[in-house]
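Chain by chain, the residues:
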Amino acid sequence: AQKITQTQPGMFVQEKEAVTLDCTYDTSDQSYGLFWYKQPSSGEMIFLIYQGSYDEQNATEGRYSLNFQKARKSANLVISASQLGDSAMYFCAMSLRGPQASGGSYIPTFGRGTSLIVHP
Amino acid sequence: DGGITQSPKYLFRKEGQNVTLSCEQNLNHDAMYWYRQDPGQGLRLIYYSQIVNDFQKGDIAEGYSVSREKKESFPLTVTSAQKNPTAFYLCASSMLPSGSTVTDTQYFGPGTRLTVL
């Protein structure tokens, strides 16, 4: 069974500093996708960044980068130059092919999330 | 503006009543999903639909039902059989028939918070 682990329930960072949110995953599949989402207090899930298992370069999207270490099965999110508006829950998700009995679809499984608080 | 709308934002239900949560998207996405989120937890998949008039159970489908009569709409009914329905419900959509590729990204609505009194 696929599994996503986020070991940090909460993180604090000072404004303008960088922060790393940890995510490890467990799968024996070769083809999978890794996603990060942000959930502010309003509740909506906002897509941030995607990394494919075959991508050789780490994904980057503005201030977000994904530190992908395949051998360690980790996909940590790095937020550079934190802003007060970055305070939110952050979820890591992994998508891989499900059983053929369910159509073999790629449906993501989400971790429990990390609460990030940015203080001035 | 393109996006996903969910209504209502807050919903209160008495025990023993069925209630329907609305989800509409104008992104022309093929696939739609329903998730449940409990405090301190990640998202758990209830149902998903790849195309109109077709849907599959997710990990926690018991006590829920869905329909997909139109591409834009995927309503979720929380039935009286659901033992603990108080939760935050999120609807999502993705461009391709669900799970076509590993890169298929889901986009979410603002959510509905359901409370059973």
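Conventions used here
Residues numbered from 1 in each chain as written. Chains lettered and ligands numbered in written order. Predicted model: local features only at pLDDT ≥ 70, side-chain atom pairs only at ≥ 80, totals over all residues. Heavy atoms only, no water. Disulfide = S-S within 2.5 Å. Helix = DSSP H or I, 4+ residues; strand = E, 2+ residues; numbered from the N terminus. Buried < 20%, exposed > 50% of the residue type's maximum accessible area, 1.4 Å probe, protein only. Contact = heavy atoms within 4.5 Å. Salt bridge = Lys/Arg side-chain N within 4 Å of Asp/Glu carboxyl O. Polar contact = N/O pair within 3.5 Å; in protein donor to acceptor, adjacent residues only side chain to side chain. Nonpolar A, V, L, I, M, F, W, Y, C, P; charged D, E, K, R; others polar. Pairing = 2+ DSSP bridges.

Quick look at the state of the cysteines
A full pass over the atoms with the stated rule returns 2 disulfides over all chains. Shown here is the disulfide that connects cysteine 23 of chain A with cysteine 92 of chain A, its sulfur atoms set 2.0 Å apart. Taking the sign of the torsion about the S-S bond as the criterion, the disulfide between cysteine 23 of chain A and cysteine 92 of chain A, at about -65°, is left-handed. Here cysteine 23 of chain A is found in the loop between β3 (19-21) and β4 (24-26), whereas its partner cysteine 92 of chain A is found in strand β10 (residues 88-97), with 69 residues between them in sequence. Each member of the pair cysteine 23 of chain A and cysteine 92 of chain A is classed as buried. Each sulfur in the disulfide pair cysteine 23 of chain B and cysteine 91 of chain B lies 1.9 Å from the other. Its S-S torsion of approximately -75° makes the covalent link between cysteine 23 of chain B and cysteine 91 of chain B left-handed. Of this pair, cysteine 23 of chain B sits in strand β3 (residues 19-25) while cysteine 91 of chain B sits in strand β9 (residues 87-94); the two residues are 68 residues apart in sequence, bridging distant segments of the chain. By relative accessible area, cysteine 23 of chain B is classed as buried at 0%. By relative accessible area, which is 0% here, cysteine 91 of chain B ends up buried.

Description of the interface of chain B and chain A
Each side of the interface is counted separately: chain B has 26 residues, and chain A has 24 residues. Linking chain B with chain A are 0 salt bridges, by the criterion used here. Taken together, the connections running from chain B to chain A amount to 2 residue pairs in polar contact (both at pLDDT 80 or more). Each residue belonging to the side of chain B that touches chain A can be placed in one class, and the counts come to 11 nonpolar, 13 polar and 2 charged.

Here we look at the pairing of strand β2 (residues 10-13) of chain B
Regular strands show a simple pattern: their side chains alternate between the two faces of the sheet. Residue and element names in this part refer to chain B. Along β2, the buried face is formed by Leu11 and Arg13; none of Tyr10 and Phe12, which line the opposite face, is buried. Pairing of β2 with strand β11 (residues 112-116) involves 4 bridges; the strand directions are parallel. In the sheet register, arginine 13 faces β11, and the bridge partner there is valine 116.

Let's talk about the pairing of β10 of chain A
All names here are of chain A. Taking burial as the measure, the 10 residues of β10 include 8 buried ones, the bulk of the element. Where strand β5 (residues 32-39) meets β10, 8 bridges bridge the pair, whose relative direction is antiparallel. Within β10, the residue paired with tyrosine 32 across the bridge is leucine 96. Bridge analysis of β10 against strand β12 (residues 114-119) gives 3 bridges, and the strand direction is antiparallel. Across the sheet, residue alanine 88 finds its bridge partner in β12, namely leucine 116. Two elements, β10 and strand β11 (residues 106-110), share 5 bridges in a ladder whose sense is antiparallel. Paired with methionine 94 across the two strands is threonine 109, which belongs to β11.

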